[in-house]
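Descriptive structure summary
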Amino acid sequence: MNANWNEFTNTLHHTASEVLGISKKKHRDWFDENDAEIHTLLQRKNEAHAALLSNQNNHSLRANFNNLRAEAQRSLRRMQNDWWCQKAREIQQFADENDQQNAQFADRLPCLPLLDHLDAAPTFTEVHAACKSLRNNKAAGPDGIPAELFKFGGHAVTRRLHKWTKVFWEAGHLPQALKDPIMTTTGKAQEQRQDLYFAFVDLAKAFDTVNREMLWKIMTKCGCPPKFMAIIRAFHQGMSARYADDAAYPAPTQQALQRNITATNDAYRAGGMLVNVDKTEVLQYLFETQRRNPKILSRFTVEREELKNADVFKYLGSILSSICELEPEIQNRIRQATVSFGKLRERVYTNRDLTVKTKVKVYVAICLPILLYGSESWTLYSKQVRRLEAFAIRCLQCILGITWRNRVPHVDILQTANTTSIESMIITRRLRWVGRVI
């Protein structure tokens, strides 16, 4: 089966390479998506320029060339502005999305009726619909075949893929090339102004130690029939996967954290997973007597093995410090936002072909989310707000083409850019976050 499937994928890949060629990966720019219109504009301008060179004393030819040149410049500026505005809207939409997943142990699940229709092999219509729903510009799998080949390959490719799907379904086996996903799980932690203890738990070979029998038990209780279960098992047999985990467990006291660590370790063991003691760390926020003496720290263990006490830990992109101060995180946010702004400085923020409105949209969609990442949970001092405001004003001054020597008040800068202060943005983010929690 593996040999036949490899022959099919190799043939598909080879044919596509000969017919379509191998495209070099590159960053798409505004002129890539307007190539035909740009070519027409430049061709008309070049023809008018050639006519003018053949008769330079003809005033009508000179006027025609000047008009076409001005039209081309206006059109190119419009295309560039529209492209960047669209990208800013897309990025803002992605930033606003937020998904969460939950799971329970098998013994807590009720037994549901058997879903017999899942045993039926996928129809040609279903395979065709699945191919059409594939997203473009995604990384190819181990076989090197991008999703676009299945999506736009036509009836012959879909028919052959449907044939292979039925073969896999009846045999209950899959080629190795279809078994290599990348899986990620994440958690979320929050800073609190009190004695607080965090355990950042890392799992050892998490995916390889998943209790597959428990997984099959859960799916059976959910009503999955035998043929469907055979296909799911085939995906897991011999799978080569990379798994990233990042879980944080807070507690108000050292006793509570030790209980959480022990309970977490027991739960992972019940699920067939192990805690990696070497990479699991503890961060202690101490505000009372122990804070005055940092050397006096509580000790935490996993099965009698002591965990490392960290002074600084980077969790989900945020810098957490044992000294209970936000300053390291503020510095980190400003530093990363500065890098982001600098990368687009010449292409966007100082580009004279783009309007101020477009530049501000890109700035709000790309730079500000980096600067204010995690700000919903910040407890800020006025001096830290001023530092964030100063960075934002410098960015807007660059966008507007002014400097501090012009002595333009910050209020006027914000009004000209049609944006609000950093403090207002943080308040808005907090209210939005509270609304989601409630």
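In the block above lies the structure referred to throughout.
To start, this report covers the structure provided alongside it. (Residues numbered from 1 in each chain as written. Predicted model: local features only at pLDDT ≥ 70, side-chain atom pairs only at ≥ 80, totals over all residues. Heavy atoms only, no water.)

This next bit is on the overall build of the protein chain. What the protein chain contains, in helices and strands, is 16 helices and eleven strands. With 438 residues in all, the protein chain has 35% of them scored as buried. Pairs at least 24 apart in sequence give 76% of the contacts found in the protein chain among residues at least 6 apart. Total accessible area on the protein chain stands at roughly 27400 Å², and carbon and sulfur atoms take up 52% of it. (Helix = DSSP H or I, 4+ residues; strand = E, 2+ residues; numbered from the N terminus. Buried < 20%, exposed > 50% of the residue type's maximum accessible area, 1.4 Å probe, protein only. Contact = heavy atoms within 4.5 Å. Areas by Shrake-Rupley, 256 points an atom, 1.4 Å probe, with all protein chains shown as cover.)

Let us look at unusual backbone geometry. Phi is positive for R407, close to 55 degrees, though the residue is something other than glycine. Among the structural elements, R407 can be located in the loop between α14 (382-400) and α15 (410-417). A residue is classified by how much of its surface remains accessible, and R407, at 71% relative accessible area, is exposed. A positive phi angle is found at N418, which is not glycine, with a value near 55 degrees. In this fold, N418 is placed in the loop between α15 and α16 (422-437).

All right, on to the pairing of strand β2 (residues 196-201) then. Taken across its six residues, β2 has six buried, putting it largely inside the fold. Here β2 shows two buried faces, one formed by L196, F198 and F200 and the other by Y197, A199 and V201. Here five bridges tie β2 to strand β6 (residues 281-285), and the two strands are oriented antiparallel to one another. In the strand pairing of β6, F198 is matched with L283. (Pairing = 2+ DSSP bridges.)

Within this structure, the stated rule accounts for zero disulfides. C395 provides the cysteine sulfur closest to C367, a residue in no disulfide bond, and the two sulfurs are 4.6 Å apart. Note on C367: relative accessible area 0%, which makes it buried. Cysteine C398 remains unbridged, with the sulfur of C395 as its closest cysteine sulfur at 7.5 Å. For C398, a relative accessible area of 14% puts it in the buried group. (Disulfide = S-S within 2.5 Å.)

To continue, consider the pattern of salt bridges. Under the criterion given, the structure shown has eight salt bridges. When the shortest N-O distance is used, the salt bridge between D353 and R77 registers 3.2 Å. With D353 in the loop between α12 (345-349) and α13 (356-371) and R77 in helix α3 (residues 59-96), this pair connects stretches of sequence that are 276 residues apart. D353 sits in the partly exposed class, given a relative accessible area of 31%. We note a salt bridge from E376 to R429, for which the minimum N-O separation is 3.7 Å. Here E376, found in the loop between α13 and α14, pairs with R429, found in helix α16; they are 53 residues apart in sequence, far enough to count as distant. Judged by its relative accessible area of 19%, R429 is buried. (Salt bridge = Lys/Arg side-chain N within 4 Å of Asp/Glu carboxyl O.)

Our focus in this paragraph is the packing of α14 against α15. The interhelical angle for the contact between α14 and α15, taken along N-to-C directions, is 60 degrees, at an axis separation of 10 Å. With respect to α15, the element α14 is oriented oblique. Here the hand of the crossing between α14 and α15 comes out left-handed. Note on element contacts: α15 touches α14 through H410, I413, L414, T416 and A417, opposite I393, L396, Q397 and L400. Partitioning the contact of α14 with α15 into residue classes produces six nonpolar, three polar and no charged. (Axes fitted to C-alpha atoms, helices over the stretch in contact; angles between N-to-C directions. Parallel < 35°, antiparallel > 145°, perpendicular 65-115°, else oblique. Left-handed = near helix turned anticlockwise from the far one by under 90°. Nonpolar A, V, L, I, M, F, W, Y, C, P; charged D, E, K, R; others polar.)

Let's shift gears to helix α6 (residues 155-171). For α6, spanning 17 residues, the distance from its first C-alpha to its last is 24 Å, which sits close to the expected 24 Å at 1.5 Å a residue. Turning to α6, its buried residues are V157, T158, L161, H162, W164, T165, F168 and W169. Buried residues of α6 fall within an arc of 165 degrees about the axis and therefore sit on the same side. Exposed side chains of α6 directed beyond 90 degrees from the buried face belong to H155, K163 and E170. (Expected span 1.5 Å × (residues − 1). Arc of directions from axis to C-beta.)

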